[in-house]
Amino acid sequence: MTYLLMSVPFIVIALIVFGLGALHARRRDAVGLYLSAWAVATASLIVLTVIFDNVMMAAGFFDYGVEHISGVRLGLIPVEDLLYPVAGALLLSGTWEMLGGAGRRGETRDA
């Protein structure tokens, strides 16, 4: 089984949760904030993943079996390795939004 195939269920579930979060953000009229927060979080996670996974692979901590990857690499890491931080950002953004997120500016929350 390839890493890409193993990632598909996680991406699908994360996209569903992210879509539900987007619907929730739309009801609050905060879609722009929702999408921009997701984009910043995703970009940060991708950059960190590329840097640290390349360092760890260069140090010999782990490697991917050639038969399980697409062959497309970013430095030493296969591009499939980036699906995990993308799925995490989608899932966490959607969950955060559905749980109420940070609220709107000026809104107060009752404890």
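Structural data are supplied above this passage.
The following paragraphs examine the structure supplied in this document. (Residues numbered from 1 in each chain as written. Predicted model: local features only at pLDDT ≥ 70, side-chain atom pairs only at ≥ 80, totals over all residues. Heavy atoms only, no water.)

## What about a nonpolar patch on the surface?
1) Next: Taken together, the side chains of Met-1, Leu-5, Met-6, Val-8, Val-12, Ile-16, Leu-20, Leu-23, Tyr-84 and Met-98 define a hydrophobic patch exposed on the protein surface, amounting to about 920 Å² of accessible area.
2) Next: If you list the elements that add at least two residues to the nonpolar patch, you get helix H1 (3-27) and helix H3 (83-98).
3) Next: Examining the composition of the nonpolar patch, we find that 7 residues originate from one element, H1, more than from any other.
4) Next: Tracing the backbone shows Val-8 in helix H1.
5) Next: Judged by its relative accessible area of 42%, Val-8 is partly exposed. (Patch = residues over 30% accessible without salt bridge, like charges linked within 9 Å, V, L, I, M, F, W, Y side chains within 5 Å. Areas by Shrake-Rupley, 256 points an atom, 1.4 Å probe, with all protein chains shown as cover. Salt bridge = Lys/Arg side-chain N within 4 Å of Asp/Glu carboxyl O. Helix = DSSP H or I, 4+ residues; strand = E, 2+ residues; numbered from the N terminus. Buried < 20%, exposed > 50% of the residue type's maximum accessible area, 1.4 Å probe, protein only.)

## Quick word on unusual backbone geometry
1) Next: Unusually for a residue other than glycine, Asp-29 sits at a positive phi of about 60°.
2) Next: Following the sequence through the fold, Asp-29 ends up in the loop between H1 and helix H2 (31-58).

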